[in-house]
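Coordinate analysis (summary)
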Amino acid sequence: MSNAHTSTGELDLQALAGRITRPLVLVGLMGVGKSTIGRRLATALSRSFVDADEEIERAADRSVSEIFEAHGEAYFRDGERRVIARLMEEGYGVIATGGGAFVDEETRALVLEKGLAIWLDCDLDTLVERTSRRDTRPLLKTGDPREILFNLKEQRGPAYSQAQIHVVTDDGPHEATVERILQELDAWQ
């Protein structure tokens, strides 16, 4: 019995989930939908989900913005790396990371070795629109969000491109993106 219908036919989600032996780590810029899509992907695969930024905030008892303001980005990235390593060791099925996590060489090496990185990507207009919905993004508080996102996309693209799987999202339903990820996982596994 199939759990999901895709344009390429029926996927046996139970069999696919059984073939995935590493955490699925969602990477990409802020606003691509890592947390929202990650929750739905975890549900589709009957896996646990965790948002790394939420875990960092819980561990530090401060928001990401407060950590950035008080200690700077380098301090934040160091803590982020430790939290992601812990989450992977604890065996979470799907992990949504912060936008800059995979850019850090040590974090990227850890994810590529022990996880399966899935780069969620989208066009600049979509990123600008999505990130304008919240004012909690520390990197966007220092100037024009469009220009900042353009520069981040250019700077981080080479790191993101090292992910094993690349899926472009759009303004369609999140379920369509989840289906594309499942198709890519099925082909990769």
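My aim in this report is to walk through the structure given alongside it, one point at a time. (Residues numbered from 1 in each chain as written. Predicted model: local features only at pLDDT ≥ 70, side-chain atom pairs only at ≥ 80, totals over all residues. Heavy atoms only, no water.)

Observations regarding the overall build of the protein
Scanning the protein from terminus to terminus reveals nine helices and seven strands. The C-alpha atoms of the protein give a radius of gyration of 16 Å, which matches the 16 Å a tight globule of 189 residues would have. The dimensions of the protein, computed from C-alpha atoms along their principal axes, are 50 × 35 × 25 Å. Looking at the protein as a whole, 47% of its 189 residues are labelled buried. Taking as baseline every contact in the protein between residues at least 6 positions apart, the subset at least 24 positions apart corresponds to 73%. Only carbon and sulfur atoms are counted for the fraction: they give 47% of the accessible area of the protein, which is about 9,400 Å². Across the protein, 23 positive and 33 negative side-chain charges occur, with their mean positions spaced 2 Å apart. (Helix = DSSP H or I, 4+ residues; strand = E, 2+ residues; numbered from the N terminus. Rg over C-alpha atoms; globule rule 2.2 N^0.38 Å. Buried < 20%, exposed > 50% of the residue type's maximum accessible area, 1.4 Å probe, protein only. Contact = heavy atoms within 4.5 Å. Areas by Shrake-Rupley, 256 points an atom, 1.4 Å probe, with all protein chains shown as cover. Lys, Arg positive; Asp, Glu negative; His and termini not counted. Charge placed at Lys NZ, Arg CZ, Asp CG, Glu CD.)

Looking at the packing of helix H7 (residues 124–131) against helix H8 (residues 145–160)
Running from amino to carboxyl end, H7 crosses H8 at an angle of 125°, the nearest separation of the two axes being 10 Å. Here H8 runs oblique to H7, going by the angle between their axes. Our pair here, H7 against H8, has a crossing hand that is right-handed. Judged by residue contacts, Leu124, Asp125, Leu127, Val128 and Thr131 of H7 engage Arg146, Leu149, Phe150 and Lys153 from H8. (Axes fitted to C-alpha atoms, helices over the stretch in contact; angles between N-to-C directions. Parallel < 35°, antiparallel > 145°, perpendicular 65-115°, else oblique. Left-handed = near helix turned anticlockwise from the far one by under 90°.)

Quick notes on the side chain of Asp51
If you trace the backbone, Asp51 turns up in strand E4 (residues 49–51). An unpaired buried charge is present at Asp51: no salt bridge exists, and Arg39, the closest side chain of opposite charge, is 5.0 Å distant. Here the side chain of Asp51 touches Ser35 through a polar contact of 2.3 Å, side chain to side chain. Among the polar contacts listed, one links the side chain of Asp51 to the backbone nitrogen of Asp53, at a separation of 2.9 Å. Among all residues touching Asp51, those that are not within four sequence positions of it are Ser35 and Ala96. (Salt bridge = Lys/Arg side-chain N within 4 Å of Asp/Glu carboxyl O. Polar contact = N/O pair within 3.5 Å; in protein donor to acceptor, adjacent residues only side chain to side chain.)

Topic: the packing of helix H2 (residues 34–44) against helix H9 (residues 174–188)
Viewed as axis vectors pointing N to C, H2 and H9 meet at an angle of 60°, and their least axial separation amounts to 9 Å. Viewed along their axes, H2 and H9 adopt a mutual orientation that is oblique. For the pair H2 and H9, the crossing hand works out as right-handed. Only His174, Glu175, Thr177, Val178, Ile181, Leu182 and Leu185 of H9 make contact with H2, whose side of the interface consists of Thr36, Ile37, Arg40, Leu41 and Ala44. Taken together, the residues that form the contact of H2 with H9 break down as seven nonpolar, three polar and two charged. (Nonpolar A, V, L, I, M, F, W, Y, C, P; charged D, E, K, R; others polar.)

A word on empty space enclosed by the protein
One water molecule sets the probe size; rolling that probe over the atoms shows where empty space is left. Inspection of every chain in the model, using the stated rule, returns one cavity of 30 Å³ or more. Its boundaries defined by the atoms lining it, the largest cavity holds a volume of some 40 Å³. In terms of lining, the largest cavity is formed by Leu29, Val32, Trp119, Leu120, Asp121, Lys153, Gly157 and Tyr160. Elements represented by at least two residues in the lining of the largest cavity include exactly strand E6 (116–121) and H8. Per-class residue counts for the lining of the largest cavity are five nonpolar, one polar and two charged. (1 Å grid on protein atoms, 1.4 Å probe; cavity = no way out; pocket = protein on both sides within 12 Å on 5 of 7 lines; lining within 4 Å. Points joined across faces, edges and corners; volume = space filled by probe spheres on them.)

Regarding the layout of surface pockets
The computed volume of the largest pocket comes to approximately 810 Å³. In this structure, the largest pocket is lined by 37 residues; those nearest its centre are Met30, Ser35, Asp53, Arg134 and Arg137. Secondary structure elements with two or more residues in the lining of the largest pocket: H2, helix H3 (52–60), helix H4 (64–71) and helix H5 (73–89). Take the lining of the largest pocket: its biggest share by element is four residues, from H2. The computed volume of the second largest pocket comes to approximately 220 Å³. Ala60, Ile67, Tyr75, Gly79 and Arg82 are the residues nearest the centre of the second largest pocket, which is lined by 13 residues in total. When residues of the lining of the second largest pocket are traced back to their parent elements, those giving at least two are H3, H4 and H5. If one sorts the elements of the lining of the second largest pocket by residue count, H5 sits on top with seven residues. Of the residues contributing to the lining of the second largest pocket, the split by class is seven nonpolar, two polar and four charged.

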